[in-house]
Every structure is written in C-alpha cells, then in structure tokens.
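Below, each chain spelled out in residue letters.
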Amino acid sequence: MDPTIDMFFGLFAIACGVYCIYSAINMKRTQTIDEKILLGNDTKLLKCKDKTAFLKEVIPSVLFLGIVAFVYGIFQLVGISVALPPIFNKIGLGVFILATILYAALVTRAVKKYY
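What counts and how
- Residues numbered from 1 in each chain as written.
- Predicted model: local features only at pLDDT ≥ 70, side-chain atom pairs only at ≥ 80, totals over all residues.
- Heavy atoms only, no water.
- Salt bridge = Lys/Arg side-chain N within 4 Å of Asp/Glu carboxyl O.
- Helix = DSSP H or I, 4+ residues; strand = E, 2+ residues; numbered from the N terminus.
- Buried < 20%, exposed > 50% of the residue type's maximum accessible area, 1.4 Å probe, protein only.
- Lys, Arg positive; Asp, Glu negative; His and termini not counted.
- Polar contact = N/O pair within 3.5 Å; in protein donor to acceptor, adjacent residues only side chain to side chain.
- Contact = heavy atoms within 4.5 Å.
- Expected span 1.5 Å × (residues − 1).
- Bend = angle between axes of the 7 residues up to and from the residue.
- Disulfide = S-S within 2.5 Å.
- Phe/Tyr/Trp six-rings, centres within 6.5 Å; stacked < 30°, edge-to-face > 60°.
- Core = buried A, V, L, I, M, F, W, Y, C linked by side-chain atoms within 4.5 Å.

A. Geometry of the pattern of salt bridges. Scanning all chains against the criterion turns up 2 salt bridges. The partner of Glu57 in a salt bridge is Arg109, and the shortest N-O contact between them spans 4.0 Å. Taken together, the positions of Glu57 in helix α3 (residues 51-82) and Arg109 in helix α4 (residues 86-114) put the pair 52 residues apart, joining distant regions of the chain. Take Glu57: its relative accessible area is 23%, and that puts it in the partly exposed class.

This is the structure in structure tokens:
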C-alpha cells in the first residue's frame with residue numbers, strides 16, 4: 001500500500017484514540033454523557049434511565065477503543081519508517097477492527113439497556 005495512505009490512517013487512528021481517551025476521562029470526571037461518541041442521532045440524552053450506571057458501563061469501552069486506536073496509529077507510523085513486513089500491518093489492522101466491533105457491540109447493548 002502507498003505509504004501516504006498508511007500515514008493518513010495512522011494519524012487518523014491516533015486522533016481517534018486521543019479523542020476517545022479524552023472523552024472517557026471527561027465523562028468520568030464530569031459524569032456527563034458524550035452524545036457524539038455514544039449516542040445516535042435518534043437517541044435523546046434526557047431519556048436515560050440511569051445515567052451513572054450507563055457511564056459506568058460504557059467508559060471502559062470508550063477507553064479501551066481509545067487506547068487500541070492510539071497504539072494502532074503509532075504502530076502504523078512506526079511501520080512506515082522502519083518498513084515492517086506487511087503481515088504486521090494486517091495484524092494491527094485486524095486488532096483495531098476487532099476492538100471497534102467490540103466497542104460498538106458493548107455500547108449498543110448499554111444504549112438498549114438504559115434508553
């Protein structure tokens with residue numbers, strides 16, 4: 001793959017990871033729900049049955065996705081500069097995709113439970 005595209009994906013993953021980590025810390029600190037990262041357009045924030053329990057359930061998922069995305073982005077950028085074999089890139093991408101699917105499943109389950 002083109003190194004420019006790999007660099008773009010790496011920087012994008014780092015940005016997503018930083019935003020997820022920031023959101024998780026902010027939600028933990030302020031006990032407010034970040035609608036942009038957790039709720040769809042059709043879900044209203046005021047309908048939450050138990051905000052504290054919802055946050056307790058989703059914050060670890062957001063933090064996990066943030067850490068995986070950040071590490072994947074760093075791994076992607078290091079792979080460009082060191083020229084790692086393509087299998088490492090595929091393994092990293094697979095882990096990132098699995099983490100994203102797990103995050104989506106856990107957050108969807110929490111939204112269905114508390115909204």
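Let's pick the thread back up.
B. Broad picture of the side chain of Asp34. Relative to the helices and strands, Asp34 resides in the loop between α1 (3-30) and α2 (35-38). As a buried residue without a salt bridge, Asp34 has its nearest oppositely charged side chain in Lys36, at a separation of 4.5 Å. Polar contacts involving the side chain of Asp34 include one to the side chain of Tyr19, which spans 3.2 Å. Within the local environment of Asp34, its side chain forms a polar contact with the side chain of Ser23, the two groups lying 2.9 Å apart. Beyond its immediate sequence surroundings of up to four residues, Asp34 is in contact with Tyr19, Ser23, Met27 and Leu39.

C. Inspection of α3 at higher detail. For α3, spanning 32 residues, the distance from its first C-alpha to its last is 45 Å, which sits close to the expected 46 Å at 1.5 Å a residue. Its axis deflected by about 30° at Val58, α3 carries its strongest bend there, up to four residues before the proline Pro60. Just downstream of α3, Ala83 is the residue with a positive phi angle, here 60°.

D. Main features of the state of the cysteines. Taken as a whole, this structure holds 0 disulfides when the rule is applied. Take Cys16: it sits in no disulfide, and the sulfur closest to it among the cysteines is that of Cys20, at 6.5 Å.

E. Quick look at the packing of aromatic side chains. Summed over all chains, the structure comprises 5 aromatic pairs. Ring plane angle 20° and centroid distance 6.2 Å describe the contact between Phe8 and Phe12, whose orientation is recorded as stacked. You can see Phe8 and its partner Phe12 sitting in helix α1, 4 residues apart, about one turn around the helix. Like Phe8, the residue Phe12 is exposed in the burial classification. Considering the side-chain rings of Phe54 and Tyr114, the 6.1 Å spacing of their centres and the 75° angle between planes classify their relative orientation as edge-to-face.

F. Spotlight on the nonpolar core. Counting 23 residues, the largest nonpolar core has Ile33, Leu38, Leu39, Phe54, Val62, Tyr103 and Tyr115 as its most contacted members. Sorting the residues of this core by element identifies α1, α2, α3 and α4 as the ones contributing at least two each. Looking at which element gives the most residues to this core, the answer is α3, with 8 residues. Residues in contact with Leu38, not counting those within four places in the same chain, are Met27, Ile33, Phe54, Val58, Val62, Tyr103, Val107 and Val111.

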